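# Observations on chain architecture
Here is what each chain is made of, one letter per residue.
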Amino acid sequence: MKTAITELFGIQHPIIQGGMHFVGFAELAAAVSNAGGLGIITGLTQKTPELLAKEIARCRDMTDNPFGVNLTFLPSFTAPPYPEYIAAIREGGVKAVETAGRSPEQYMPALKAARIKVIHKCTSVRHSLKAEKIGCDAVSVDGFECGGHPGEDDIPNMILLPRAADELNIPFVASGGMADARSLVAALSMGAAGMNMGTRFIATKEAPVHPNVKKALVEASELDTVLVMRALRNTERVLKNKGVDQLLEIEREKGASLKIHDIHEQVAGVYPKVMIDGEMDAGAWSCGMVAGLINDIPTVKELINRIMSEAEQIIRQRLTGFLDGTFETKPARAVA
Ligand SMILES: Cc1cc2nc3c(=O)[nH]c(=O)nc-3n(C[C@H](O)[C@H](O)[C@H](O)COP(=O)(O)O)c2cc1C
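First things first, this report covers the structure right here in the doc. (Residues numbered from 1 in each chain as written. Predicted model: local features only at pLDDT ≥ 70, side-chain atom pairs only at ≥ 80, totals over all residues. Heavy atoms only, no water.)

## A look at the overall build of the chain
Convention followed: Only DSSP runs of H or I reaching four residues or more are called helices, and only runs of E reaching two or more are called strands; each is numbered from the N terminus. Just to be clear, the radius of gyration here is over C-alpha atoms, and the globule rule we use is 2.2 Å times residues to the power 0.38. We call a residue buried when its accessible area falls under 20% of the maximum for its residue type, exposed when it is over 50%, and partly exposed in between, using a 1.4 Å probe and counting protein chains only. Contacts are assigned to residue pairs with any non-hydrogen atoms lying within 4.5 Å of each other. Only the protein chains shown count as cover for residues, and all accessible areas are computed by the Shrake-Rupley method using a 1.4 Å probe.
Across its full length, the chain carries 14 helices and 10 strands. A compact globule built from 336 residues would reach a C-alpha radius of gyration of about 20 Å, and the chain, at 19 Å, matches this within 12%. For the chain, the C-alpha atoms occupy an extent of roughly 60 × 45 × 40 Å along the three principal directions. Every one of the 336 residues in the chain was classed for burial, and the buried ones make up 53%. Relative to all contacts within the chain whose residues are 6 or more apart in sequence, the contacts with residues 24 or more apart total 62%. Of the accessible surface of the chain, which amounts to about 15,100 Å², a share of 55% is contributed by carbon and sulfur atoms.

Written out as structure tokens, the structure reads:
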């Protein structure tokens, strides 16, 4: 399958693995790139630019295919040394960067000078248009369903994707709630040129996380995520657990007066506890509603091959069947 996204990034399949804190290490990024998608190393999980340079080199040892790095621009008092992180990306020969969080505007000249393709993750049409204006090559349109930070507008992808298609000139991928061939074909129908998956890629053999995390995703239903930190306008979709129950209790008590330090214990330093130690009740970690569509732990290659072959089947049989009158009455179920 060829789309504007496969051509932009020089990849075989229009599938991107979004940056994920303490998940997006070289092992996962290389597995996705080896399977023909675009794997992404999460830049800030590496504590220093030097460590990121090493992670990029490790990934390069594991794949000859293109891969990218995620740079998340967080509102913080002590900003990470972004120019040095960008230097590590440039010097590592990485040609794709997924930016997220705040606008990457001030870093665009450095990224463009290094001929790096930039895909910015946006949760609204207005931010997508801003990304287009400042020279981003593509956007990842992240709907309300997504794991992580869905923004504050609460617009699901059934509305957000066609709205983006109506307004944008640059290509975009659908992000949030994407899990299988049905997601990909639906995303393409709504104007996207591919899809970005986060949560689904955690439940794969190569994802370098504790088995408890993968098990939790297989067991979770679409009802098992919840939004936290709304009062801070830093809303995050996370998997319910005992730490999150405590967090919600504090949020209920504090109401609009909630401050970040009130929930420090439930949000700070949680990722290594969950992803490395498998402490599933440690607190808030990002997880999408798409957990309800995850029923197995395949290899990345099995997952991507399955998505691509089922997508072809949906397009050639199910969709054309509606046109030529040979349609099936059964709903389109995922094979696995
Ligand atoms: C555990 C986890 C950690 C994440 N960490 C980051 C991150 O550090 N930076 C970022 O831009 N997005 C992050 N995301 C968001 C993903 O890149 C992606 O946009 C999102 O997961 C898409 O929604 P989905 O989970 O429904 O596929 C994270 C998502 C998850 C599930």
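That covers the picture; the talk isn't over yet.
## Some points on the pairing of strand 6 (residues 138-142)
Quick note on the threshold: Looking down the strands as they point away from the viewer, one classifies a crossover as right-handed if the path from the first strand across the helix to the second runs clockwise. Here, strands pair whenever DSSP counts at least two bridges between them.
Taken across its 5 residues, strand 6 has 5 buried, putting it largely inside the fold. Taking every second residue as pointing to the same face, both faces of strand 6 are buried, with A138, S140 and D142 on one and V139 and V141 on the other. Remark: the strand 5 (residues 117-122)/helix 6 (residues 125-133)/strand 6 crossover connection has right-handed handedness. In the sheet, strand 6 pairs with strand 7 (residues 172-175) via 4 bridges, with the strands oriented parallel. In the strand pairing of strand 7, V139 is matched with F172.

## What to know about the pattern of salt bridges
Side-chain pairs of opposite charge can arise where the charged atoms are in close proximity. Stated precisely, the cut-off is as follows: Counted as salt bridges are all cases of a side-chain nitrogen of Lys or Arg within 4 Å of a carboxyl oxygen of Asp or Glu.
Using the criterion set out here, one finds 19 salt bridges in the structure. Note that R90 and E91 form a salt bridge whose closest N and O atoms lie 3.3 Å from each other. Relative accessible area serves as the criterion here: at 43%, R90 is assigned to the partly exposed category. In this structure, the salt-bridge partner of D137 is K112, at a minimum N-O distance of 2.6 Å. Highlighted residues: D137 in the loop between helix 6 and strand 6 and K112 in helix 5 (residues 108-113), separated in sequence by 25 residues.

## Re the packing of aromatic side chains
For the record, the criterion: The pairing test for Phe, Tyr and Trp rings, Trp by its six-membered ring, is centres within 6.5 Å, and the orientation test on the planes gives stacked under 30 degrees, edge-to-face over 60, and tilted for anything in between.
A full pass over the atoms with the stated rule returns 5 aromatic pairs. Pairing F22 with F25 gives two aromatic rings, centres 6.2 Å apart and planes at 75°, and the pair type is edge-to-face. Neither residue differs from the other here; F22 and F25 are each classed as buried. Each ring, one from Y82 and one from Y107, has its centre 5.6 Å from the other, and the planes form 55°; the classification is tilted. With a gap of 25 residues between them, Y82 in helix 4 (residues 82-91) and Y107 in the loop between strand 4 (96-101) and helix 5 connect regions that are remote in the sequence. One exposure class covers both Y82 and Y107, and it is buried.

## A closer look at the site of the ligand
Let me state the cut-off plainly: Throughout, near means a residue has at least one heavy atom within 4 Å of the molecule or strand. Two N or O atoms count as a polar contact when they lie within 3.5 Å, although within protein this holds only if one can serve as hydrogen donor and the other as acceptor, and sequence-adjacent residues are included solely when both atoms are side-chain atoms. Nonpolar residues are Ala, Val, Leu, Ile, Met, Phe, Trp, Tyr, Cys and Pro. Charged residues are Asp, Glu, Lys and Arg, and all others, Gly as well, are polar.
Residues in contact with the ligand amount to 24 residues; listed here are only the nearest, G19, K121, G177, G198 and T199. Residue G198 places a main-chain N or O atom 2.9 Å away from an oxygen atom belonging to the ligand. About the coverage of the ligand: the protein hides 93% of its 600 Å² of free accessible area. Only strand 3 (67-73), strand 8 (195-197), helix 9 (199-202) and helix 13 (270-276) provide two or more residues apiece to the shell around the ligand. Taken together, the residues that form the shell around the ligand break down as 8 nonpolar, 14 polar and 2 charged.

## Digging into the side chain of E236
Relative to the helices and strands, E236 resides in strand 10 (residues 236-239). Polar contacts involving the side chain of E236 include one to the side chain of S286, which spans 2.7 Å. Sequence-distant contacts of E236, defined by excluding residues within four places in its chain, comprise G148, H149, P150, V226, L227, V228, M229, Y271, W285 and S286.

## Notes on a nonpolar patch on the surface
As a reminder, the rule being used: Grouping into patches uses exposed residues only, defined as over 30% relative accessible area, and leaves out salt-bridged ones; the cut-off is 9 Å for like charges and 5 Å for nonpolar side chains (Val, Leu, Ile, Met, Phe, Trp, Tyr).
On the surface, a nonpolar cluster with roughly 430 Å² of combined accessible area is contributed by M1, I315, L319, F322 and F327. Locating I315 in the fold gives a position in helix 14 (residues 300-324).

## Some remarks on helix 7 (residues 157-167)
Note the following rule: By construction, the arc corresponds to the directions joining the helix axis to the C-beta atoms.
Of the residues making up helix 7, those classed as buried are N157, L160, L161 and A164. Projected onto a plane normal to the axis of helix 7, the buried residues spread over an arc of 95° and lie on a single side. For helix 7, the exposed residues set more than 90 degrees away from the buried face come down to M158 and D166. Tucked inside the fold, the buried residues of helix 7 contact helix 6, strand 6, strand 7 and helix 8 (181-189).

## Observations concerning the sheet that holds strand 7
Stated formally: Here an axis means a line fitted to C-alpha atoms, over the contact stretch when the element is a helix, while the angle between two N-to-C directions is reported on a 0 to 180 degree scale.
Strand order in this open sheet of 8 strands is 1-8-7-6-5-4-3-2, and the pairing throughout is parallel. Strand pairing shows two members of the sheet lacking a second neighbour, strand 1 (15-17) and strand 2 (39-42), which therefore form its edges. Averaged over all neighbouring strand pairs, the angle between strand axes comes to 30°, with direction disregarded. Two elements, strand 3 and strand 4, share 6 bridges in a ladder whose sense is parallel.

No statement about biological role is implied by the geometric values presented.
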